[in-house]
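# Structural overview for review
One-letter residues, chain by chain:
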Amino acid sequence: MEKQTEKLSFKEKFGTLSTLLTVIGALIVLIIFFTICSPYFLTVKNFLNIGQYAAIVGCVCCSVTFVNISGMIDISVGSQVAVVGMVVAVSNRAGLPWYVSVILGLLSGIACGSVNGFFVTVFKLNAFITTIGTMQTLRGLAYLISNGMSIPIANSSLQFIGRGRIAGIPVALIIMIVAYIIFHLVSKFTVFGRQVYMIGGNAQASFLAGVRVNAMRFKIYLLNGLMAGMAGVILAAALGAVQYDDYDRLIQLCDSLATAADITTLEARMEDVRRRYGSYPQTKRDKNYALKAYFEAKLGTDLYAVVNDDSGAAATQTDKCDDNASTATAAASAPTSGLQVDKCD
């Protein structure tokens, strides 16, 4: 059994390494291709310009990563960016100070994220369906705010966020790098970051461990809205004139990236189920029973007693399942044994 576990671990490591090498190799090929096509591509100035405009999508990717790690989905980030940009442009045209426009933009992004979090956690709606609905709703809202017209941004202080440079480095790129560092530190060295991984690994086990799963999910959607707000502010400042058509192209890009990332996350979660239980659970009853058997073996007690905290019910359930205790333990500890375990009704 130990040798088999080591082989699986090696396969996992090799699969991750091969994926990383594939991405790096594709990037190197693209750099060589564009360098041959243009003598101006492989220059510091060009890469700084690329970083300046990649910061818009890069800021969104920080929070979308947390959404995907936690096992959820949000394909409405592009529409959130559009709404934030329109709010910033309209507030600036109304004569408000630039910092007030920025704050209003960030707050509007948080509001968009709170809508997604509210429907997912309170009404228990599917995250995919919810974010599809908010994507279309927010896209229409962005069009209504701008009335389909271009809104200029003449404030130089606001434009500095998207176009300015500090020591030759674009401000937008600096913001993205700082966001990457913060999100990395949060994910690796804070309780919040570890709980994000816990929820993505197994929400039921996280709940039994004392994690407020719904509250965490709501916070993650709020964080995603905040970063979408930051991206919207940067984009509005960089363009200098907000027009819905420009945002519509970004909406399609962000939504495509989010969908691709979420599909990859779902495939990875199914592969984790296959490695853990030896086969893909076909029914909801099989999934629940396999999960119950796994944690009963780990906790060394009846899971019903832990959840219900009822000694009488626990004793009755224990008597009923004594005959299958060894079988359940074997199913939990041996991934190749599959889900063929006698159910205890």
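## A few points about unusual backbone geometry
- One non-glycine residue, Lys124, lies in the positive phi region at around 60°.
- Relative to the elements of secondary structure, Lys124 occurs in the loop between helix 4 (98-121) and helix 5 (127-146).
- The phi torsion at Ala167 lies on the positive side, around 55°, for a residue other than glycine.
- Within the secondary structure, Ala167 sits in the loop between strand 2 (165-166) and strand 3 (169-170).

## A word on the confidence of the model for the protein
- Looking at the protein as a whole, the pLDDT averages 76, with 66% of positions reaching at least 70.
- Under a pLDDT of 50 for its full length, residues 1-8 has, in the predicted model, four contacts with residues more than four places off or in other chains.
- Low pLDDT, under 50, characterises residues 303-345; the stretch is placed with 56 contacts to residues that sit more than four places away or in other chains.

## Here's the deal with helix 5
- In this model, helix 5 (20 residues) spans 28 Å end to end at C-alpha, consistent with the 28 Å of a helix rising 1.5 Å per residue.
- Residues of helix 5 that are buried: Ala127, Thr130, Thr131, Thr134, Met135, Leu138, Arg139, Ala142 and Ser146. The arc that holds every buried residue of helix 5, seen down its axis, measures 160°, which confines them to one face. Looking at helix 5, the residues exposed on the side facing more than 90 degrees away from the buried face are Ile129, Thr137 and Leu144.

## Comments concerning the nonpolar core
- Counting 52 residues, the largest nonpolar core has Ile161 and Val233 as its most contacted members.
- Among the elements of the structure, helix 2 (44-69), helix 3 (77-93), helix 4, helix 5, helix 6 (156-163), helix 7 (171-189), helix 8 (191-201) and helix 10 (213-239) are those that each provide at least two residues to this core.
- Per-element accounting of this core gives the leading share, twelve residues, to helix 10.

## Brief notes about the side chain of Ser63
- Take Ser63: it is sitting in helix 2.
- When neighbours within four sequence positions are excluded, Ser63 is seen to be in contact with Phe183, Leu223, Asn224 and Met227.

## Focus on the packing of aromatic side chains
- Taken as a whole, this structure holds nine aromatic pairs when the rule is applied.
- Here Phe66 and Phe183 contribute two aromatic rings whose centre-to-centre distance is 5.1 Å and whose plane-to-plane angle is 75°, an arrangement assigned as edge-to-face. With Phe66 in helix 2 and Phe183 in helix 7, the pair connects residues that are 117 residues apart, well separated along the chain.
- By relative accessible area, Phe66 is classed as buried at 4%.
- Here the aromatic cluster, defined as three or more aromatic residues joined through ring pairs, consists of Phe33, Phe34, Phe41 and Phe47.
- Here Arg194 stacks its cationic end above the ring of Tyr197, 4.9 Å away from the centre of that ring.

## Section: the packing of helix 7 against helix 10
- Where helix 7 contacts helix 10, the two axes come as close as 11 Å, and the packing angle between them is 165°. Classified by the angle between their axes, helix 7 and helix 10 sit roughly antiparallel to one another. Judged by the sense of rotation from one axis to the other, the crossing of helix 7 with helix 10 is left-handed. Seen from helix 7, the contacting residues are Ala172, Ile175, Ala179 and Phe183; seen from helix 10, they are Leu223, Met227, Met230 and Ile234.
- When the residues that make up the contact of helix 7 with helix 10 are grouped by side-chain class, the tally is eight nonpolar, no polar and no charged.

## As for a nonpolar patch on the surface
- A cluster of nonpolar side chains, contributed by Leu17, Leu20, Leu21, Ile24, Ile28, Ile32 and Ile36, occupies part of the molecular surface with about 690 Å² of accessible area.
- Looking at the secondary structure, you find Ile32 in helix 1 (residues 2-37).

Reading the values: the criteria
- Residues numbered from 1 in each chain as written.
- Predicted model: local features only at pLDDT ≥ 70, side-chain atom pairs only at ≥ 80, totals over all residues.
- Heavy atoms only, no water.
- Helix = DSSP H or I, 4+ residues; strand = E, 2+ residues; numbered from the N terminus.
- pLDDT = per-residue confidence, 0-100.
- Contact = heavy atoms within 4.5 Å.
- Expected span 1.5 Å × (residues − 1).
- Buried < 20%, exposed > 50% of the residue type's maximum accessible area, 1.4 Å probe, protein only.
- Arc of directions from axis to C-beta.
- Core = buried A, V, L, I, M, F, W, Y, C linked by side-chain atoms within 4.5 Å.
- Phe/Tyr/Trp six-rings, centres within 6.5 Å; stacked < 30°, edge-to-face > 60°.
- Lys NZ or Arg CZ within 6 Å of the ring centre and 35° of its normal.
- Axes fitted to C-alpha atoms, helices over the stretch in contact; angles between N-to-C directions.
- Parallel < 35°, antiparallel > 145°, perpendicular 65-115°, else oblique.
- Left-handed = near helix turned anticlockwise from the far one by under 90°.
- Nonpolar A, V, L, I, M, F, W, Y, C, P; charged D, E, K, R; others polar.
- Patch = residues over 30% accessible without salt bridge, like charges linked within 9 Å, V, L, I, M, F, W, Y side chains within 5 Å.
- Areas by Shrake-Rupley, 256 points an atom, 1.4 Å probe, with all protein chains shown as cover.
- Salt bridge = Lys/Arg side-chain N within 4 Å of Asp/Glu carboxyl O.

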